[in-house]
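Spelled out from the first residue to the last, the chains are:
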Amino acid sequence: MIRALYTAASGMSAQELNLDTIANNLANSATTGFRQLRLQFQDMVYQNLVTPGAAQSQSTVSAGLQIGLGTKSAATEVINTQGSLNETDNPLDMAIEGNGFFQVQRPDGTISYTRAGQFQLNSQGTIVTAEGDPVIPTITIPATATAITITQYGVVNATMPGQSNPSQLGQIQLATFPNPGGLENMGGNYLDQTLSSGDPVLGNPGGAEGVGTLQQGYLENSNVDVVTEFVQMVLAQRAYESNSKVVKAADDMYSQVNNMTR
């Protein structure tokens, strides 16, 4: 009965983390480029009262007798499905259609990665994020430019006064990873490379490296399905409720045993 208390408690603790993950998904359902997270569970170590295959007189035990000791949260899986595209008509907004991440240089010189393409210009005319961090490779737009066009292959052009043909200003590169689910969430729509993600592979949009193409004037919405998250929230609540009933049942049985010994 004491074992049942701790086993059920492990289930309640796991569902609390599950609900935290669902709450984070719902909170970021309108966050540009956000990737849905899903909590993964693992069963815990088993207590072998009779080991399967153990010798017993003239035969061996076929099934054994094992008692599970509950569950635990193992990992948060990143769901890397494509989010829908939202048209903004802002010439500096860019959405990635397919694989890849924008590269951003942080103030400490490190490189972070993001799917959020709501970019703007700083005082020097450099394309930066909302945090003011420059997009890599650095591209500067002249203040006199009358129009900015970004092709699906990442070529940035600007039309200058008195020119009939636009001038090419730079080339946007995207990064892909062997395991994008291994990137570390840093907040602020930023992801950082880890040993699990592997080293970044750089390439031009639409190139042979397998990176996606760019859509100027669009932003990628979060890939969170709100209806699915509400369903998962109900399931988590029911699982928590079931485990709490096991705790109550085990407590009642333990109370009866205590009363019998008095």
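Before reading on, note that the structure itself is shown above.
This write-up is about the structure you can find in this document. These numbers were taken from a predicted model, which means no experiment stands behind them. (Residues numbered from 1 in each chain as written. Predicted model: local features only at pLDDT ≥ 70, side-chain atom pairs only at ≥ 80, totals over all residues. Heavy atoms only, no water.)

## Here's the deal with the nonpolar core
Taken as a class, soluble globular proteins show a tendency for nonpolar side chains to be buried jointly. Counting 16 residues, the largest nonpolar core has F102, I172 and L214 as its most contacted members. Listing elements by their share of this core, those giving two or more residues are β8 (94-97) and β14 (147-150). Once residues within four sequence positions are removed from consideration, L214 is found in contact with M94, A95, I96, F102, I150, T151, Q152, G154, I172, L174 and P205. Listed in part, the 6 residues of the second largest apolar core include Y113, A175, L183 and L191. (Core = buried A, V, L, I, M, F, W, Y, C linked by side-chain atoms within 4.5 Å. Buried < 20%, exposed > 50% of the residue type's maximum accessible area, 1.4 Å probe, protein only. Helix = DSSP H or I, 4+ residues; strand = E, 2+ residues; numbered from the N terminus. Contact = heavy atoms within 4.5 Å.)

## Things to note about the packing of helix α1 (residues 2-27) against helix α2 (residues 226-260)
At a minimum axis distance of 9 Å, the contact between α1 and α2 shows a crossing angle of 160°. As judged from the angle between their axes, α1 and α2 are roughly antiparallel. You can see that α1 and α2 cross each other, and the crossing is left-handed. (Axes fitted to C-alpha atoms, helices over the stretch in contact; angles between N-to-C directions. Parallel < 35°, antiparallel > 145°, perpendicular 65-115°, else oblique. Left-handed = near helix turned anticlockwise from the far one by under 90°.)

## Comments concerning unusual backbone geometry
Backbone torsion omega between I136 and P137 reads -5°, so that peptide bond is classified as cis. A positive phi angle is found at D89, which is not glycine, with a value near 65°. Along the polypeptide, D89 turns up in the loop between β7 (85-87) and β8.

## Re the pairing of strand β15 (residues 155-159)
The buried fraction of β15 amounts to 4 of the 5 residues, a majority that puts the element mostly inside the structure. In this sheet, strand β16 (residues 167-171) lies alongside β15 in antiparallel orientation, the contact comprising 4 bridges. Pairing of V155 across the sheet is with Q171, part of β16. (Pairing = 2+ DSSP bridges.)

## Structural notes on the pattern of salt bridges
All chains considered together, the criterion is met by 7 salt bridges. Here R106 makes a salt bridge to D133, at a shortest N to O gap of 3.5 Å. Separated by 27 residues along the polypeptide, R106 in the loop between β9 (101-105) and β10 (111-114) and D133 in the loop between β12 (127-128) and β13 (135-136) bring together distant segments of the chain. For R106, a relative accessible area of 25% corresponds to the partly exposed category. Here E241 and K245 are joined by a salt bridge, their closest N and O atoms 3.7 Å apart. Here E241 pairs with K245, and both are found in helix α2, just 4 residues apart, close to one helical turn. (Salt bridge = Lys/Arg side-chain N within 4 Å of Asp/Glu carboxyl O.)

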